[in-house]
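One letter stands for each residue in the lines below.
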Amino acid sequence: MKREFLFNLGLLVLINVLVKPFFIFGVDLTVQNRVPEGDYGLYFTLINFTYIFQIFNDFGIQNFNNRQVSQHPHLLAKYFPNLLALKALLSLFYFLLAMLAAWSVAHYDTRALALLGILLINQILTQGILFLRSNISGLGYFRLDSLLSSLDKLLMLGTCGLLLWANPLPQLFPFSIESFALAQTVALAITVLIVFVLLRRKAAFSIRPSWASNWRAGRPALLFLFKKSLPYALVILLMTAYTRLDAVLLERILPDGKIHADVYAGAYRLLDAANMFGYLFASLLLPMFARLLKGNTDGTTVRPLVSLSFKLIWAGSVTLAATVFFARQPLVELMMPERASPYRWDTLGILIWAFVPVCTTYIFSTLLTAHERLMQMNRFFIIGLGLDIVLNVSLVPHWKAQGAAVATLSTQVFIAICMVWLCTRTFRFSAPWSSIAQVLGFAFFVVSADALLFAYVPGTWFGHVAGASCIGVGGLFLFKMIDLRRAL
């Protein structure tokens, strides 16, 4: 299993490195630089607003389905049509509820509501892709799922790139933040169609739910799936809330919130790009953990994979966070030459460190999800949500985007510690002092070496970044964070 994990992880990283950075830094960044200041801040705020209601868009169906199909592949034909119909109903409710809340509670204007409508449709399509892919990975087609992981962004490079640089109908489709969102809609719709066709070739199933002709007869099955998905839905709701609420609070608390949300969005772009790798770990590990835990409750079967995945993601997250922190000024000046300022790069310097606890949470929360310890996680997520709100309300009026960044970092550290503690209690994990020293020693080595590199070694920022990457790789082997002979 460790060999399969490493192979598919390498494939996932390769594919996503080849595609997603081009969209994030080539297309998305270009859009922010070209639209009027504040427009992208509104777009970013509304995206985060759509995540607040994400519980109704997915309702935990993706993770529930992934776990069930991984352990019982024969259930796909039974579950798929009913879950698909349930998702359709929930997505409609999600769209209407979010629009109602934006109009009646948040009091967004007409333009914001129109843009929000497009973004909600995009979220529905995105969750549809993830649901279809959860069936593919649940059936064990990890490599196909890896290949599909960046298909939407690859198509967006085409649709959004055409809009930006080769628009054949500029009068009919002028460039704006709204047309940028619509270009994403087209790419997502095509991706849904492609993934559905590929899944249809891998498994036989009907898309007609069992209760389509007889509601009363099918209602028990629908209620069963609804109840089974509910704990997963609460996980999504709470994790999304404390992760995405910061930008919304920032924009709502401050009189000129759109401007500060724009600053926060510029810093969050790098964190979001980095989080891509953490999510890849989680999406790959969930079906693997579920299969290893089938018939085993003490966690002995998953310990080697947990250790390997945690050390890898710890090494990668610390290396990347330290590199971005020390190179924050030239990176912001490169990405936003006309809007770069100490306010922007210092916000990035704080926010990027949240990547380390976020990655830690990805590993241990995925393990707990595979073991269905959802209610225990939710207790800590509720506390984390409360902590995030209190910190934002306290810090944002004085420190603005930097206050929101501090709130994010603090909340993520708290959640990561809680997830590690819960795993050690649930699976009776015990880390020897040598392993703790190994992990902390690696972090101290990388941060110290990067500080010396950027402060005292002459060269360009690109050379410093390349040197910091080499320091991370060297530390990986120096501290024996991975033993390739044992892993392979």
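Before reading further, recall that the structure is shown in the block above.
Residues numbered from 1 in each chain as written. Predicted model: local features only at pLDDT ≥ 70, side-chain atom pairs only at ≥ 80, totals over all residues. Heavy atoms only, no water.

Chemist: Honestly, the overall build of the protein chain in this entry has me stumped. Any pointers?
Modeler: Looking only at helices and strands, one finds 20 helices and zero strands in the protein chain. Over its C-alpha trace the protein chain gives a radius of gyration of 22 Å, about what one expects of a compact globule, namely 23 Å for 488 residues. Counting only C-alpha atoms and orienting by the principal axes, one finds that the protein chain spans roughly 70 × 60 × 45 Å. For the protein chain, the proportion of its 488 residues judged to be buried stands at 56%. Looking at the protein chain alone, contacts between residues at least 24 apart form 84% of all its contacts between residues at least 6 apart. Accessible surface for the protein chain amounts to roughly 20,900 Å². Of this, 69% is attributable to carbon and sulfur atoms. (Helix = DSSP H or I, 4+ residues; strand = E, 2+ residues; numbered from the N terminus. Rg over C-alpha atoms; globule rule 2.2 N^0.38 Å. Buried < 20%, exposed > 50% of the residue type's maximum accessible area, 1.4 Å probe, protein only. Contact = heavy atoms within 4.5 Å. Areas by Shrake-Rupley, 256 points an atom, 1.4 Å probe, with all protein chains shown as cover.)

Chemist: I would appreciate a short explanation of the packing of aromatic side chains in the present structure.
Modeler: How two aromatic rings sit relative to each other is set out by the distance from centre to centre and by the angle between their planes. The full count for this structure, using the stated rule, is 18 aromatic pairs. Between the aromatic rings of Tyr 43 and Phe 180, the centroid separation amounts to 5.6 Å while the plane-to-plane angle is 55°, which identifies the pairing as tilted. Residue Tyr 43 is found in helix 2 (residues 39–52), and its partner Phe 180 is found in helix 9 (residues 177–202); the two are separated by 137 residues along the sequence. For Tyr 43, a relative accessible area of 3% translates into the label buried. (Phe/Tyr/Trp six-rings, centres within 6.5 Å; stacked < 30°, edge-to-face > 60°.)

Chemist: Explain the packing of helix 18 (residues 433–456) against helix 19 (residues 461–478) here, please?
Modeler: The relative placement of two packed helices is expressed as an angle between their axes plus a distance between the axes. At a closest axis distance of 10 Å, the pairing of helix 18 and helix 19 adopts a crossing angle of 155°. Looking at the two axes, helix 18 sits roughly antiparallel to helix 19. Considering the relative orientation of helix 18 and helix 19, their crossing is right-handed. Of the residues in helix 19, those touching helix 18 at Phe 442, Phe 445, Val 446, Ala 449, Asp 450, Leu 453 and Phe 454 are His 464, Val 465, Gly 467, Ala 468, Ile 471, Gly 472, Gly 475, Leu 476 and Leu 478. A per-class count over the contact of helix 18 with helix 19 returns 11 nonpolar, four polar and one charged. (Axes fitted to C-alpha atoms, helices over the stretch in contact; angles between N-to-C directions. Parallel < 35°, antiparallel > 145°, perpendicular 65-115°, else oblique. Left-handed = near helix turned anticlockwise from the far one by under 90°. Nonpolar A, V, L, I, M, F, W, Y, C, P; charged D, E, K, R; others polar.)

Chemist: What exactly am I supposed to notice about the packing of helix 8 (residues 151–165) against helix 9 here?
Modeler: Packing of helix 8 against helix 9 brings their axes to within 8 Å, and their N-to-C directions diverge by 145°. The handedness of the crossing between helix 8 and helix 9 comes out as right-handed. Across the interface between the two elements, Leu 151, Asp 152, Leu 155, Met 156, Thr 159, Cys 160 and Leu 163 of helix 8 pack against Ser 179, Phe 180, Ala 183, Gln 184, Val 186, Ala 187, Leu 188, Ile 190, Thr 191 and Ile 194 of helix 9. In terms of residue class, the contact of helix 8 with helix 9 is built from 12 nonpolar, four polar and one charged.

Chemist: So what exactly am I meant to see when it comes to the pattern of salt bridges here?
Modeler: In a structure, side chains of opposite charge can pair up when their charged atoms sit close to one another. One pass over the full model with this rule turns up eight salt bridges. Notably, a salt bridge pairs Glu 178 with Arg 111, separated by 2.6 Å at the nearest N-O pair. Of this pair, Glu 178 sits in helix 9 while Arg 111 sits in helix 6 (residues 110–138); the two residues are 67 residues apart in sequence, bridging distant segments of the chain. In this structure Glu 178 comes out as buried when scored by relative accessible area, which is 19%. As a salt-bridge pair, Arg 133 and Asp 145 come within 2.8 Å of each other at their nearest N and O atoms. With Arg 133 in helix 6 and Asp 145 in helix 7 (residues 142–148), the pair connects residues that are 12 residues apart, well separated along the chain. Salt bridges here are not isolated pairs; linked through shared partners, they connect Asp 39, Arg 111 and Glu 178. (Salt bridge = Lys/Arg side-chain N within 4 Å of Asp/Glu carboxyl O.)

Chemist: How should a nonpolar patch on the surface be read in this particular structure?
Modeler: A cluster of nonpolar side chains, namely Leu 169, Leu 172 and Phe 173, defines an oily patch on the protein surface of about 310 Å² accessible area. Looking at the secondary structure, you find Leu 169 in the loop between helix 8 and helix 9. A relative accessible area of 42% places Leu 169 in the partly exposed class. (Patch = residues over 30% accessible without salt bridge, like charges linked within 9 Å, V, L, I, M, F, W, Y side chains within 5 Å.)

Chemist: What exactly am I supposed to notice about the nonpolar core here?
Modeler: Nonpolar side chains in soluble globular proteins tend to end up buried together. Ranked by internal contacts, the top residues of the largest apolar core, which has 149 residues, are Phe 49, Tyr 264, Trp 314, Leu 367 and Met 419. The element that contributes the greatest number of residues to this core is helix 11 (residues 257–293), accounting for 20 residues. Contacts of Phe 49, omitting those with residues within four sequence positions, involve Ala 98, Ala 101, Ala 102, Ala 106, Tyr 108, Leu 116 and Val 248. (Core = buried A, V, L, I, M, F, W, Y, C linked by side-chain atoms within 4.5 Å.)

Chemist: Any chance you could explain empty space enclosed by the protein here in plain terms?
Modeler: The gaps left among the atoms become clear once a water-sized probe is rolled over them. A full pass over the atoms with the stated rule returns three cavities of 30 Å³ or more. Size it by volume and the second largest cavity reaches roughly 40 Å³. Residue lining of the second largest cavity: Val 263, Gly 266, Ala 267, Val 332, Met 335, Met 336, Arg 344 and Leu 348, and that is the complete set. Of all the secondary structure elements, the ones that give two or more residues to the lining of the second largest cavity are helix 11, helix 13 (328–335) and helix 14 (342–351). (1 Å grid on protein atoms, 1.4 Å probe; cavity = no way out; pocket = protein on both sides within 12 Å on 5 of 7 lines; lining within 4 Å. Points joined across faces, edges and corners; volume = space filled by probe spheres on them.)

Chemist: Looking at this structure, I do not really get helix 19. What am I missing?
Modeler: Note on helix geometry: an α-helix contains 3.6 residues per turn, so any two residues three or four positions apart are oriented the same way. Its 18 residues give helix 19 an end-to-end C-alpha distance of 25 Å, which sits within 8% of 26 Å, the value for a rise of 1.5 Å per residue. Among all positions in helix 19, only His 464, Gly 467, Ala 468, Ile 471, Gly 472, Gly 475 and Leu 476 are buried. Those residues of helix 19 that are buried are in contact with helix 12 (303–326) and helix 18. Positive phi shows up at Lys 480, right after helix 19, with a value of about 55°. (Expected span 1.5 Å × (residues − 1).)

Chemist: Whenever I open this one, the side chain of Glu 251 confuses me. Can you help?
Modeler: Along the chain, the position of Glu 251 falls in helix 10 (residues 215–253). On the basis of relative accessibility, which here comes to 6%, the residue Glu 251 falls in the buried class.

Chemist: Got a minute to help me understand helix 18 in this structure?
Modeler: Between its terminal C-alpha atoms helix 18 stretches 33 Å, which fits the 34 Å expected from 24 residues at 1.5 Å a residue. Within helix 18, the full set of buried residues consists of Gln 438, Val 439, Gly 441, Phe 442, Ala 443, Val 446, Ala 449, Asp 450, Leu 453 and Phe 454. At its buried positions, helix 18 is contacted by helix 12 and helix 19.

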